[in-house]
Amino acid sequence: MPSTEEHIKKYNENRELLDTNLNIENCNFYNWIVTVSFYAALHLVEAKLAENGIDSPDHFARGNNVERFSQFRDIRNQYKVLYDRSRIARYDGTFMDKKKGEFALKCLGIIEDKLK
């Protein structure tokens, strides 16, 4: 099971990527902005779970943990949006646009405010 610190390190790497190479003002790779936003959020959630000795083995279990534990009450909607849109960005032929990229970053910002 990765530690809280390991999840925070992964979050920081994803956040740095969003702030530099995937900066919404300088990049048109909106699918990647959505995807990396989701993975940044994922590692913040897992860091909080790891504080309590809990590890989610997959996305399904993690989604259940987000629904189950009250500490995630205020981020459930944003997490679900990021998960759903990242799946679309990764697996469907649909491309994200700047508006969806900005919304993903807004969702991540709310998650950051509640979990950091």
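Residues numbered from 1 in each chain as written. Predicted model: local features only at pLDDT ≥ 70, side-chain atom pairs only at ≥ 80, totals over all residues. Heavy atoms only, no water.

Trainee: Looking at this model, I keep getting lost on the packing of helix α2 (residues 30-51) against helix α4 (residues 76-91). Mind explaining?
Mentor: Each packed pair of helices is defined by two parameters, the angle between the axes and the distance between the axes. As a packed pair, α2 and α4 sit with axes 8 Å apart at the nearest point and diverge in direction by 140°. Here α2 is positioned oblique relative to α4, judged by the angle of their axes. Read as a crossing pair, α2 and α4 show a hand that is left-handed. Where α2 abuts α4, its residues N31, V34, T35, S37, F38, Y39, A41, L42 and V45 lie against Y79, L82, Y83, R85, S86, A89 and R90. The residue makeup of the contact of α2 with α4, split by class, is ten nonpolar, four polar and two charged. (Axes fitted to C-alpha atoms, helices over the stretch in contact; angles between N-to-C directions. Helix = DSSP H or I, 4+ residues; strand = E, 2+ residues; numbered from the N terminus. Parallel < 35°, antiparallel > 145°, perpendicular 65-115°, else oblique. Left-handed = near helix turned anticlockwise from the far one by under 90°. Contact = heavy atoms within 4.5 Å. Nonpolar A, V, L, I, M, F, W, Y, C, P; charged D, E, K, R; others polar.)

Trainee: Would you take a moment to explain the packing of α2 against helix α5 (residues 98-115) for this structure?
Mentor: It is at 8 Å that the axes of α2 and α5 come closest, and there the two elements cross at 15°. Here α5 runs roughly parallel to α2, going by the angle between their axes. Along this stretch, α2 crosses α5, giving a crossing that reads as left-handed. Residues Y30, I33, V34, S37, A40, A41, L44, V45 and K48 of α2 lie in contact with α5, whose contacting residues are K98, K100, G101, A104, L105, L108, I111, E112 and L115.

Trainee: Just to check I follow, could you spell out helix α1 (residues 4-19) for this structure?
Mentor: Each turn of an α-helix holds 3.6 residues, which means side chains three or four residues apart point in the same direction. Helix length check: α1, at 16 residues, gives a terminal C-alpha distance of 22 Å against a target of 22 Å (1.5 Å per residue), a fit within 8%. Taken together, the buried positions of α1 are T4, H7, Y11, N14, R15 and L18. Across the axial projection of α1, the buried residues extend over an arc of 100°, all falling on one side. Structural note: α1 exposes E5, K9 and E16 on the side pointing more than 90 degrees away from its buried face. Structurally, α1 contributes buried residues whose contacts are with α2 and α5. (Expected span 1.5 Å × (residues − 1). Buried < 20%, exposed > 50% of the residue type's maximum accessible area, 1.4 Å probe, protein only. Arc of directions from axis to C-beta.)

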